[in-house]
Each structure stands twice: as structure tokens, then as C-alpha cells.
Amino acid sequence: MKLAAYPKAFEQQIAGDRSLSLFRWIEMARSLDADGLELYDGFLESFDSAYLDSVGDALERAGFAMPMMCCSPNFTVPDADGRARAVERHTEVMRVTRRLGGPGSVCRVLSGQRYPDVDLSQGVERVAGCIQALLPVAEELDIVLGLENHYKDGFWEYPEFAQKMDVFLELLSAIPDHPHFGVQYDPSNAIVAGDDPLDLLRAVAPRVVSMHASDRWLADGATLEELRQSDGTIGYSPNLRHGVTGKGMNDYPAIMQILAGNGYRGWISIEDGVNGLDEMQESLIFLRNLCDIHFGDSA
């Protein structure tokens, strides 16, 4: 089992104000016990070939693979031309994923924003249509699309259309099994949505192709019920804390047991570092030990 790291703590600095370069993050990550670095397409300053080669070279020099590219396509826009542009953009990101990650790498795919005027049937139809249009490209490139149970891209106005478990499963059922498509599972996002992470995992385990590993816990005196809004969504309240994997609300031994029982051998990417790289390293150590127990190895 191989572990990757994603710089949750530095997302805005790398993709937003550019105060931290991607190359500097790659160098910083050398101190971590990780096999790969997950990227976000927003980290990339260009899709120019020379620039992408420089990113690939930096990863190789640091000893990292690039197992997954996070991307946030918005397939729920009412305008058909807008959805076509989203498919075109995601196709480009998929080609970048193949270039940096090689065969079998995962390119994340989302549903899109939960616009107030898009109902369930409309949203499912639009998103499923867009994803199915991308499957031939994934097959051609020999990469995998991973649909994540997501909360909200940091640069979006509205939360994820398929944030809630029932909507996510309905969308998933609308997309036939395909060797180049599956689920990018994030247990913490299930908590944020007000769902049980283990219930979701049991429902999707045979189709999981990649996983984010982070953890959440509540500030003293806070309850999930107080944080939930009327639609069941929990925002990123300051009372919902982020920290070392294995010390929060997720039952990682149970998660690993379910994954192992379904023959999972994909990457696990740690989303951590909000409180410093020391906590990210602690999370990686925890996950390596857990992989030894449930998968028999951590390499």
C-alpha cells in the first residue's frame, strides 16, 4: 500500500495567491515518509509542455510519484455550452494527469455545484452525461476517473451537488461500471455531509479506486447537531477541527478492514498539515502502521 501527501495547509498559498511555489512544496515534502504527492490542477501555473516537464522532473528528483490529480469540474451548470466547456477542460486535465502520473493514475472528478435551481433528476442527468463523455478519453489515456464524495471546492460559491450520500449513490448508479472509473473516497467529507463514513464505504467499497485520509473532531462543547444546517450540510465551522489522522471522528481500523476485505490496493493520500508538517508526518506513520496490520505491507 502506497501513501501520498496533499498540502491541505498550503492550498491557498499554492493555488490562490501563489505565495508558495509548487516547487518549494515538493522540496518541503522531502521530509515526509510519503511515496507520492497528490496534485491539484490549480497548483499548476501552466499546461505548457516545458513547464509540465519541469514539474515532473522536480517530483522525480524528490523521489515522488504523482498518483492523483485533484480537479473540480462543474458539470451541473444549466448552460449546455458551459457543460461542454467543462468536459473540454477536464479532458485537458486528464492529459496532464497522464503526463505527470503515468498509466493507472487517478484524475478526480466532481459533480459540480449545488445550484438552487438545479433539481435532483436534472443534476444527475447532466453530471452522468458529462462523466460518460469522458470515459473514452480515460480509456485512451489509461488513467482512472475517481468520483469523490466531496464537500465544496475552495473556489466555489455553492457546495457539492452530490455531497449527500443518497445523491452520491444515485449519481454513481447512473454511471455503469467501467474499468477506468470508480470512487475517490473521503471519510471526512461524509462526516461534513452529516452521513456515516462507514455506511458510505460499505455501499461503494467495490468501486473505490483512491482514498483521501484526513480526520475531524469537534471543539469542546460543540455537537454535530448544532453544526448541521437544515439540508444536513455541515459547513467548515471553526468548531469542526482538522488534525492528525487517527485521532478524530473517523474509525480508521474499520475503514481499512472494509477496504482490505474488498481487495483494495490503490493509493491512500493524506490530507493534512493544517497544523504543521509534524502532524502530517504523524498521520503518515499512523497510516503505515495500519496498512501493515490490514494489508500486510505498507509499500
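Above: the structure in question.
Values in this document were obtained by computation on a predicted structure and should not be read as measured data. Position numbers for residues start from 1 in each chain and track the written sequence from start to end. Predicted model: local features are reported for residues with pLDDT of at least 70 only, side-chain atom pairs are reported and counted for 80 or more only, and whole-chain, interface and lining totals are derived from all residues. Calculation of side-chain values draws on the structure's entire complement of heavy atoms; hydrogens and water are dropped beforehand.

Enquirer: In this structure, what is going on with the sheet that holds strand S2 (residues 36-37)? I would like to understand it.
Expert: Consider a sheet: its strands pair through backbone hydrogen bonds, and that pairing is either parallel or antiparallel. Paired strands are those between which DSSP finds at least two bridges. Secondary structure elements are taken from DSSP: a helix is a run of H or I of four residues or more, a strand is a run of E of two residues or more, and numbering for both begins at the N terminus. Here we have nine strands laid out as an open sheet, ordered S2-S1-S11-S8-S7-S6-S5-S4-S3, and parallel in their pairing. Both outer strands of the open sheet, S2 and strand S3 (39-40), are each paired with one neighbouring strand and no more. The pairing of strand S7 (residues 181-185) with strand S8 (residues 208-213) spans three bridges and is parallel. Bridging across to S8, valine 183 finds its partner in valine 208. Note on contacts: a residue pair is in contact if any heavy atoms of the two residues lie within 4.5 Å. The axes used here are C-alpha line fits, helices contributing only the stretch in contact, and every angle between their N-to-C directions lies in the interval 0 to 180 degrees. Packing of helix H6 (residues 165-173) onto the sheet brings it into contact with strand S6 (144-148) and S7, and relative to S6 it is tilted by some 155 degrees.

Enquirer: Would you explain helix H8 (residues 197-204) in this entry?
Expert: Spacing of three or four residues puts side chains on the same side of an α-helix, whose turn is 3.6 residues. Taken as a whole, H8 has its buried residues at Pro197, Leu198, Leu200, Leu201 and Val204. Here the buried residues of H8 occupy an arc of 160 degrees about the axis, which is enough to place them on one side. On the buried face of H8, the contacting elements are H6, S7, helix H7 (187-193), S8 and helix H10 (252-261). Between the side-chain oxygen of the N-cap and the backbone nitrogen of leucine 198 there are 2.8 Å, and the N-cap of H8 in question is aspartate 196. Burial here depends on accessible area, computed with a 1.4 Å probe over protein chains only, as a share of the maximum for the residue type. Under 20% is buried, over 50% is exposed, and the range in between is partly exposed. The directions from the helix axis to the C-beta atoms form the arc being described. Between N or O atoms, a polar contact is any pair within 3.5 Å; within protein, one atom must be a potential hydrogen donor and the other a potential acceptor, and residues adjacent in sequence are included only when both atoms are from side chains.

Enquirer: Looking at this structure, I do not really get the pattern of salt bridges. What am I missing?
Expert: Two side chains of opposite charge can pair, provided their charged atoms sit close to one another. Salt bridge, as applied in this entry: a Lys or Arg side-chain nitrogen positioned within 4 Å of an Asp or Glu carboxyl oxygen. With the rule as written, the count across this model stands at 12 salt bridges. Here arginine 288 and aspartate 35 are joined by a salt bridge, their closest N and O atoms 2.9 Å apart. A residue pair is termed long-range when its members are at least 10 positions apart, and arginine 288 in helix H11 (residues 277-295) and aspartate 35 in the loop between helix H2 (22-28) and S2 qualify at 253 residues. Salt-bridge contacts for arginine 89 lead to aspartate 41; the nearest nitrogen and oxygen are separated by 2.4 Å.

Enquirer: When you look at the pairing of strand S11 (residues 268-272) in this model, what are you seeing that I'm missing?
Expert: Consecutive side chains of a regular strand alternate in pointing toward one face of the sheet and then the other. Most of S11 is tucked away: five of the five residues are buried. Burial along S11 is two-sided: Ile268, Ile270 and Asp272 facing one way and Ser269 and Glu271 facing the other are all buried. When strand S1 (residues 3-7) meets S11, the two strands line up parallel, connected through five bridges. Directly across from alanine 5, in S11, lies its bridge partner isoleucine 270. Relative to S11, S8 is paired through three bridges, and the arrangement is parallel. Bridge assignment links histidine 212 to a residue of S11, and that residue is serine 269.

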